[in-house]
Amino acid sequence: MVNALYAGSFDPITFGHIDVIRRASTIFDKLFVAISINTHKKALFTPEERAGFVKAVFQSNERVEVLTSQELTVHLAEEIGASVLVRGVRGSADLDAEMSIAGLNNGLAPTIQTVFIPTAGQYRDLSSSMIKEIAKFHGDVSKFVPPIVSQALQNKFR
């Protein structure tokens, strides 16, 4: 049985994240999606709100389990028995950054492998930061995020 961990801030989750989660959940026996803290960003939604969005989207997928975390990703992976870290990449800039992180993670936990899943083409331009910016100025984000997230963004920026 191969368990994987896909950790991110998911603030908020976009169709790009959802694409990666769906595809990863067909590859691994169990995919843990961890709502993590990004120390470089100020979150718009609480970890519990973000976890609720992911749970709502994947409520019928038995292979996906959502949790929140404030610890180093490789330590969480060891704790939950995940031998693979899943990382979504949109393009070469993401890949370069993710390669650096994968190298550091390998130095910390050599038995945990990192797998990159490219985001489907129609989602490559999506980023949570850009979605929040559009929503802040009352733009329609319904093409980029699930309805539960679109509504939550409208409520935040009302």
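Residues numbered from 1 in each chain as written. Predicted model: local features only at pLDDT ≥ 70, side-chain atom pairs only at ≥ 80, totals over all residues. Heavy atoms only, no water.

Under an unreviewed UniProt entry, the name given to the protein chain is Phosphopantetheine adenylyltransferase, and the organism recorded is Lentilactobacillus farraginis DSM 18382 = JCM 14108. Under Catalytic activity (unreviewed entry), UniProt gives the following word-for-word description of the protein chain: "(R)-4'-phosphopantetheine + ATP + H(+) = 3'-dephospho-CoA + diphosphate". Its UniProt record, at the heading Subunit (unreviewed entry), says of the protein chain: "Homohexamer." (UniProt positions renumbered as here; feature names shortened; annotations may be inferred.)

A. Broad picture of the overall build of the protein chain. When you go through the protein chain residue by residue, the secondary structure sums to six helices and five strands. Here the protein chain has a C-alpha radius of gyration of 15 Å; the compact-globule value for 158 residues is 15 Å, and the two agree. Each principal axis of the C-alpha distribution contributes one length, and for the protein chain these read about 45 × 35 × 30 Å. In the form shown here, the protein chain has an accessible surface area of approximately 8600 Å², with 53% of it arising from carbon and sulfur atoms. Distance from the positive charge centre (16 side chains) to the negative charge centre (16 side chains) of the protein chain: 6 Å. (Helix = DSSP H or I, 4+ residues; strand = E, 2+ residues; numbered from the N terminus. Rg over C-alpha atoms; globule rule 2.2 N^0.38 Å. Areas by Shrake-Rupley, 256 points an atom, 1.4 Å probe, with all protein chains shown as cover. Lys, Arg positive; Asp, Glu negative; His and termini not counted. Charge placed at Lys NZ, Arg CZ, Asp CG, Glu CD.)

B. Molecular detail of the side chain of serine 127. By the element assignment, serine 127 lies in the loop between strand S5 (113-118) and helix H5 (128-136). Owing to a relative accessible area of 14%, serine 127 belongs among the buried residues under this scheme. Apart from residues lying up to four places away in sequence, serine 127 is in contact with Thr14 and Arg90. (Buried < 20%, exposed > 50% of the residue type's maximum accessible area, 1.4 Å probe, protein only. Contact = heavy atoms within 4.5 Å.)

C. Layout of the sheet that holds strand S3 (residues 64-68). Here five strands make up an open sheet; going across it, the order is S3-S2-S1-S4-S5 and the pairing parallel. Looking at which strands have only one partner, the edges of the open sheet turn out to be S3 and S5. With direction set aside, neighbouring strand axes in the sheet form an average angle of 30 degrees. One ladder, built from six bridges, connects strand S1 (residues 3-8) with strand S2 (residues 30-35); its direction is parallel. Looking across to S2, one finds that glycine 8 is bridged to isoleucine 35. (Pairing = 2+ DSSP bridges. Axes fitted to C-alpha atoms, helices over the stretch in contact; angles between N-to-C directions.)

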